[in-house]
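The lines below spell out each chain.
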Amino acid sequence: MRIVLTPAVAGIFLLTSMLTPRMASAQDQEEGASRVVKGGGIAAPGWTGKIDANEETAGHTLNDAKLWKEGDVLHVTTGPAVTYWNPANRATGDYTVKATFNEPKFMNLNTHPHPYGIVIAGNDLGTPQQSYLYCAAYGSGTFIVRGFGPDPFQMNGRRGEPNEAVHKAAGVGQPVTQEIAMSVKGDKVSCAINGTVVATYDKSALVTAGKLKSTDGVYGIRFAHNTDATVSDLSVTKQ
């Protein structure tokens, strides 16, 4: 049976549709809301950080995530997505920055995998003009290469890509470890995970308008929201 709406009824239907709250999309549900970490803030001498702009818009602050240091190991629990760095940690010319990330309980604070990784080429960090590049791994076997310049940009797609080199946790609540390294050598920038190069880019594709100011700069670490892991052996070597 065909239903014909009179103009008056159609108008009521349209108004009702406009006033009805939008149902959360699958993407909205997947992303989830960022937590507030109890006792958050930075307790690692010399370190600072900045949460993502969308997290700030949502009302979060840097103190909603937590960075602390025990011995030579950095502990991170988020909260909002955040980038941490020590301004004294700089790399120039040809170099490799690497660290080992250990997620003791995979997906401990979330319902789907979230990434963490190495940041390089940081310039004007903490300001609206900041630029940097990062390579991050998920405990599900996927990695992403992204940056800010100052707006976010993606180098291997919105969802990243799988690679056999990226370790997979045996299951939810199980430990998973990734060694992540980012290198600048000549006109190439690459990311290696667990000893295997998973991505390489021409420097000219990165140091350009809207992306990086330079591959020289501060290095640090990057964590997505609602993630809990440690970082050890963060270091830089000249090529």
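Residue numbers run consecutively from 1 along every chain, following the written order of its sequence. Owing to the predicted nature of the model, reporting of local features is limited to residues with pLDDT of at least 70; listing and counting of side-chain atom pairs is limited to 80 or more, with chain, interface and lining totals taken over all residues. Derived side-chain values reflect all non-hydrogen atoms in the structure, with water molecules and hydrogen atoms excluded from consideration.

Looking now at the overall build of the protein. Of the regular secondary structure elements, the protein holds 3 helices and 16 strands. Only protein chains enter the accessibility calculation, which uses a 1.4 Å probe; a residue is then buried when its area is under 20% of its type maximum, exposed when over 50%, and partly exposed in between. The proportion of buried residues among the 239 residues of the protein is 45%. Shrake-Rupley sampling with a 1.4 Å probe provides the accessible areas, and residues are treated as covered by the protein chains on show and by no other component. Carbon together with sulfur atoms contributes 55% to the accessible area of the protein, which is approximately 12000 Å² in total. The secondary structure listing takes helices from DSSP runs of H or I that are at least 4 residues long and strands from runs of E that are at least 2 residues long, numbered from the N terminus.

Turning our eyes to something else, we now look at the state of the cysteines. When two cysteine sulfur atoms lie within 2.5 Å, the pair is treated as a disulfide. According to the stated counting rule, one finds 1 disulfide in the structure shown. One disulfide in the model links Cys-135 with Cys-191; its S-S distance is 2.0 Å. Residues Cys-135 and Cys-191 are joined by a disulfide whose S-S torsion is about -70°; by sign, that bridge is left-handed. In this pair, Cys-135 sits in strand β8 (residues 131-137) while Cys-191 sits in strand β13 (residues 188-193), placing the two residues 56 residues apart along the sequence. Residue Cys-191 is classed as buried on the basis of its relative accessible area of 2%.

Right, let's talk about the environment of Asn-63 for a bit. Note that Asn-63 resides in the loop between α3 (53-57) and β3 (66-70). Discounting residues that sit within four places of it in the chain, Asn-63 has contacts with Val-37, Gly-40 and Gly-41. Here a residue-residue contact requires only that any non-hydrogen atoms of the pair lie within 4.5 Å.

This part takes up unusual backbone geometry. The omega torsion of the bond from Thr-78 to Gly-79 falls at 20°, within 30 degrees of zero and hence cis. Here Gly-149 and Pro-150 are connected by a cis peptide whose omega angle stands at -5°. With respect to the element layout, Pro-150 can be found in the loop between β9 (142-148) and β10 (152-154). Positive phi, normally seen in glycine, also occurs at Asn-194, with a value near 55°. Looking at where Asn-194 falls in the secondary structure, it is placed in the loop between β13 and β14 (196-202). Among the residues examined, Asn-194 registers a relative accessible area of 24% and is labelled partly exposed.

With that settled, the discussion passes to the pattern of salt bridges. A side-chain nitrogen of Lys or Arg and a carboxyl oxygen of Asp or Glu constitute a salt bridge if their distance falls within 4 Å. Overall, the coordinates contain 4 salt bridges when judged by the stated rule. Across the pair Lys-213 and Asp-124 runs a salt bridge whose closest N-O atoms are separated by 3.5 Å. Note that Lys-213 is positioned in the loop between β14 and β15 (217-223) and Asp-124 in the loop between β7 (116-123) and β8, a separation of 89 residues in sequence. Residue Lys-188 pairs with Asp-202 through a salt bridge whose shortest N-O separation is 2.3 Å.

Moving on, we come to the packing of aromatic side chains. Two aromatic rings, drawn from Phe, Tyr or Trp (for Trp, its six-membered ring), form a pair once their centres lie within 6.5 Å of each other, and the interplanar angle then sorts them: stacked below 30 degrees, edge-to-face above 60, tilted otherwise. Under the defined criterion, the tally for this structure stands at 5 aromatic pairs. Their ring planes at 25° and their centres at 5.8 Å tell us that Phe-101 and Tyr-116 sit as a pair that is stacked. Taken as a pair, Phe-101 in strand β6 (residues 95-103) and Tyr-116 in strand β7 lie far apart in primary sequence, 15 residues in all. An identical accessibility class is assigned to Phe-101 and Tyr-116; each is buried.

Moving on to the sheet that holds strand β12 (residues 176-185). Here a strand pair is declared whenever DSSP counts at least two bridges between the two strands. Ordered by their spatial adjacency, 8 strands build an open sheet running β1-β3-β4-β16-β6-β12-β13-β14, and the pairing between neighbours is mixed. On the outer flanks of this sheet lie β1 (41-43) and β14, each paired with one strand and no other. Within this sheet the neighbouring strands show an average axis-to-axis angle of 20°, counted without direction. Across 6 bridges, the pairing between β12 and β13 is antiparallel. The partner of Met-182 across the bridge, within β13, is Cys-191. Lines fitted to C-alpha atoms define the axes here, with helix axes fitted over just the stretch in contact, and angles between the N-to-C directions of these axes take values from 0 to 180 degrees.

Our next topic: the nonpolar core. Of all hydrophobic cores here, the largest spans 47 residues; its most connected members are Phe-101, Ile-120, Leu-133, Ile-193, Ile-221 and Phe-223. Ignoring anything within four residues of it in the chain, the contact list for Ile-120 reads Tyr-95, Val-97, Tyr-132, Leu-133, Met-182, Val-184, Val-189, Val-218 and Tyr-219. In this structure, Val-119, Tyr-138, Ile-144 and Val-218 belong to the second largest nonpolar core, which totals 10 residues. What makes a nonpolar core is a set of buried Ala, Val, Leu, Ile, Met, Phe, Trp, Tyr and Cys residues whose side-chain atoms join them at distances within 4.5 Å.

Within the element layout of this structure, Lys-50 appears in strand β2 (residues 48-51). Definition of a polar contact: a pair of N or O atoms within 3.5 Å, with one able to donate and the other able to accept a hydrogen when the atoms are protein atoms, and with sequence-neighbouring residues admitted only if both atoms are side-chain atoms. At 3.0 Å, the side chain of Lys-50 and the side chain of Glu-56 are in polar contact. With near-sequence residues (within four places) excluded, Lys-50 lies in contact with Glu-56, Leu-62, Ala-81, Val-82, Thr-83, Trp-85, Gly-126 and Gln-130.

Everything listed here is a matter of coordinates, which is why it stays silent on function.
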